[in-house]
Amino acid sequence: MRIVLIGYMGSGKSTAGKKLASKLGFFFLDTDLLIEEEFKISVFNFFKKYGEDVFRRIERNILKEALLNDNAVISTGGGTPCFLDNMDLIIKSSFSVYIKMHINSIENRLMNSKKPRPLLKDVSQADLRSFIEKQLPEREKYYNQANLIIKGENLEINSIIESFENNKKSVGNL
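These remarks concern the structure in this document. The residue count restarts for each chain, going from 1 along the sequence in the order it is written. Restriction of local features to residues with pLDDT of at least 70 applies here, the model being predicted, together with a cutoff of 80 or more for giving and counting side-chain atom pairs; totals for whole chains, interfaces and linings are based on all residues. Just so you know, side-chain values use all the structure's heavy atoms and leave hydrogens and water out.

## So, helix α2 (residues 31–39)
For every residue, the accessible area obtained with a 1.4 Å probe (protein chains only) is divided by the maximum for its type, and the residue is called buried under 20%, exposed over 50%, and partly exposed between those limits. Elements are defined by DSSP. Helices are runs of H or I of four residues or more, strands are runs of E of two residues or more, and each kind is numbered from the N terminus. Restricting attention to buried positions, one finds in α2 the residues Thr-31, Asp-32 and Ile-35. Viewed along the axis of α2, the buried residues span an arc of 105 degrees, placing them on a single side of the element. It only takes one pair of heavy atoms within 4.5 Å for two residues to be counted as in contact. Considering only its buried residues, α2 is in contact with β2 (27–30), α3 (43–50), α4 (52–66) and β3 (72–75). For this analysis, a polar contact is any N or O atom pair within 3.5 Å, provided that within protein one partner can donate a hydrogen and the other can accept it, and provided that sequence-adjacent residues contribute only side-chain to side-chain pairs. Of the residues flanking the start of α2, the one acting as N-cap is Asp-30, its side-chain oxygen 2.9 Å from the backbone nitrogen of Asp-32. Positive backbone phi, at 55 degrees, marks Lys-40, one or two positions downstream of α2. In this context, the arc is that of the directions from the helix axis out to the C-beta atoms.

This is the structure in structure tokens:
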């Protein structure tokens, strides 16, 4: 059994994932951190040095490896479900949760984030909202395929657990 958290950058997937894993007694895996550990370079610097195409191929391999773990909560990067066949892999092998946030919340979180985001390196604060408004609908085509869509503001971990418990028999090969 595994739960995969998806959603836009800054939506709180890693924070929620740690709490969720702790409550369930599951392992917590963060695909971005797995990449950083394996390649000894930050995601930001990986993008700069090797480019997005190489990153997305590596990311897919890391996702496939992470999905082999049982009793795991896996937090993905914001773009992970949107490339290659990643969303299909997630759907077939996990209970997926889209942490959905309003554009205002995403913008606020990203403006106050200390974590550098590779896709935002050339986006000014003045242009951030229009960047999100353009990219989020494109990504939601993938995010909205999740088993559960849950509001990210004031996220209740127990509601994810309840939905997971109620649906785990009908979600496929977990």
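## Quick word on the pairing of strand β1 (residues 2–6)
Burial analysis of β1 places 5 of its 5 residues in the buried class, which makes it a mostly covered element. Residues Arg-2, Val-4 and Ile-6 line one face of β1 and the alternating positions Ile-3 and Leu-5 line the opposite face, and both faces are buried. The sheet contact formed by β1 and β3 spans 4 bridges and is parallel. Paired with Leu-5 across the two strands is Ser-75, which belongs to β3. DSSP calls a pair of strands paired once it identifies at least 2 bridges connecting them.

## Overview of the packing of aromatic side chains
Stacked, tilted and edge-to-face are the three classes applied to pairs of Phe, Tyr and Trp rings, where Trp contributes its six-membered ring and a pair requires centres within 6.5 Å; stacked means planes under 30 degrees apart, edge-to-face means over 60, and tilted covers the rest. Following the criterion strictly, the structure yields 7 aromatic pairs and no others. Relative to Phe-55, the ring of Phe-47 has its centre 4.7 Å away and its plane inclined at 45 degrees; by these criteria the two rings are tilted. Every member of this aromatic cluster is reached through a ring pair, and the members are Phe-39, Phe-46, Phe-47, Tyr-50 and Phe-55.

## Description of the sheet that holds strand β4 (residues 95–100)
The strand order across the open sheet formed by 5 strands is β2-β3-β1-β4-β5, and the pairing between neighbours is parallel. Each edge of the open sheet is held by one strand with a lone partner, namely β2 and β5 (148–151). Adjacent strand axes in the sheet meet at a mean angle of 20 degrees when their direction is disregarded. Axes here mean lines fitted to C-alpha atoms, for a helix over just the part in contact, with angles spanning 0 to 180 degrees between N-to-C directions.

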